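Spelled out, the chains give:
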Amino acid sequence: MKYSICCHTRDFKEINQFIDYHLNLGFDRIVIYDNMSIIPVEYNNNKVIIVRWDEPIVDFNTYNHYIKNYCDYEGWTAFIDEDEFINTIGLSIQEAMLPYQNYDSLGINWKMFGGNIDEDNKNENILQKYRYFIPESSDISTHVKTIVKNDSVLEFHHPHFPKLKVDKKSYSVNGEIITNTPWCKPNFNKMHLNHYHLRGLEDYIKRQTRWIDILGTATKETVINKYNAHNILATETLKENEI
């Protein structure tokens, strides 16, 4: 049984950290869709495939391109973003997935990290730089991303969960069925996603305002308000240990 990742990225300076981290977990293949990065992504490893994608990512075309071109073997694929690091609670991906081998698809919850940094923290490793996270009790933590068996997935119409083939089902890490929804009850004691979405206000504004002219649904003010609303939930009492 092999384990792969499908991920798209754009101008994410920590993309090599993302790849290093997941290769160290034991992933057999990582397919990176480089969506118009100013500096193209390069990584010299035969387990890593870089697909240059010089057009807007719409209707999850990268995920569906992956399904058509890379789901050609028995195994699982995690469909995650560049800032989502799978936390296996100290296990390899093979060990962490053992309890779920009878599932067709597995939803793993976000553990979203704030943008606060300790004053004496000069670490550039994203896992050690951002340590304060939003609690399990928050609605934000109910969001999931998906690891799915290659022979069970049909296509994507939503970034958080796929459309599965007939009679296939998706489950949470707690064993609950997830039906056409990107939410389920979280459990940070089991496998989850360390989601480094905020990464400081300046960086967040730059990423989010990129889409203002295209979507016409946001302003710089609303972006700042969203950042502050999420960041305030990441308190100093919830500090991640090293992983």
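Residues numbered from 1 in each chain as written. Predicted model: local features only at pLDDT ≥ 70, side-chain atom pairs only at ≥ 80, totals over all residues. Heavy atoms only, no water.

Participant: When you look at the pairing of strand β2 (residues 29-34) in this model, what are you seeing that I'm missing?
Facilitator: Two faces make up the sheet, and in a regular strand the side chains alternate between them. When you tally the buried positions in β2, you get 6 out of 6 residues, the bulk of the element. Here β2 shows two buried faces, one formed by Arg-29, Val-31 and Tyr-33 and the other by Ile-30, Ile-32 and Asp-34. Two elements, strand β1 (residues 2-9) and β2, share 6 bridges in a ladder whose sense is parallel. For Cys-6, the partnering residue across the bridge sits in β2 and is Val-31. Where the polypeptide runs from β1 across helix α1 (residues 15-25) and back to β2, its parallel neighbour, the crossover connection is right-handed. By the bridge criterion, 5 bridges tie β2 to strand β3 (residues 48-52) in an arrangement that is parallel. By the bridge assignment, Tyr-33 is partnered in β3 with Val-51. (Buried < 20%, exposed > 50% of the residue type's maximum accessible area, 1.4 Å probe, protein only. Helix = DSSP H or I, 4+ residues; strand = E, 2+ residues; numbered from the N terminus. Pairing = 2+ DSSP bridges. Right-handed = clockwise from strand over helix to strand, strands pointing away.)

Participant: How do you make sense of the pairing of strand β7 (residues 144-149) when you look at a structure like this?
Facilitator: Of all the 6 residues making up β7, 6 are buried; the element is thus mostly covered by neighbouring parts of the structure. Burial along β7 is two-sided: the residues Val-144, Thr-146 and Val-148 and Lys-145, Ile-147 and Lys-149 are all buried. Examined bridge by bridge, strand β6 (residues 105-112) and β7 share 5 bridges and lie antiparallel to one another. Looking at β7, one finds that Ser-105 is bridged to Val-148.

Participant: Would you explain the nonpolar core in this entry?
Facilitator: Looking at soluble globular proteins, one finds that nonpolar side chains tend to be buried together. Membership of the largest hydrophobic core comes to 45 residues, with the highest contact counts inside it found for Phe-18, Ile-86, Met-97, Leu-106 and Met-191. If you list the elements that add at least two residues to this core, you get β1, α1, β2, β4 (75-79), β5 (84-87), α3 (93-97), β6 and α4 (126-129). Discounting chain neighbours no more than four positions away, the residues touching Leu-106 are Trp-76, Met-97, Tyr-100, Lys-145, Thr-146, Ile-147, Ser-170, Tyr-171, Ser-172, Val-173 and Met-191. (Core = buried A, V, L, I, M, F, W, Y, C linked by side-chain atoms within 4.5 Å. Contact = heavy atoms within 4.5 Å.)

Participant: How do you make sense of helix α2 (residues 61-70) when you look at a structure like this?
Facilitator: The element α2 is largely enclosed, with a buried count of 7 among its 10 residues. Within the sequence span of α2, burial applies to Asn-61, Thr-62, Tyr-63, Asn-64, Tyr-66, Ile-67 and Tyr-70. Tucked inside the fold, the buried residues of α2 contact β1, β2, β3, β4, β7 and β8 (153-156).

Participant: Help me understand the packing of helix α5 (residues 201-208) against helix α7 (residues 220-231) in this model?
Facilitator: Any two packed helices are characterised by how steeply their axes cross, that is the angle between the axes, and by the distance between the axes. Relative to each other, α5 and α7 sit at 135 degrees, their axes nearing to 10 Å. The orientation of α5 with respect to α7, classified from their angle, is oblique. Two packed elements cross with a definite hand, and for α5 against α7 that hand is right-handed. Along its contact with α5, which presents Leu-201, Tyr-204, Ile-205 and Gln-208, the element α7 presents Lys-220, Val-223, Ile-224, Lys-226 and Tyr-227. Of the residues assigned to the contact of α5 with α7, the class counts are 6 nonpolar, 1 polar and 2 charged. (Axes fitted to C-alpha atoms, helices over the stretch in contact; angles between N-to-C directions. Parallel < 35°, antiparallel > 145°, perpendicular 65-115°, else oblique. Left-handed = near helix turned anticlockwise from the far one by under 90°. Nonpolar A, V, L, I, M, F, W, Y, C, P; charged D, E, K, R; others polar.)

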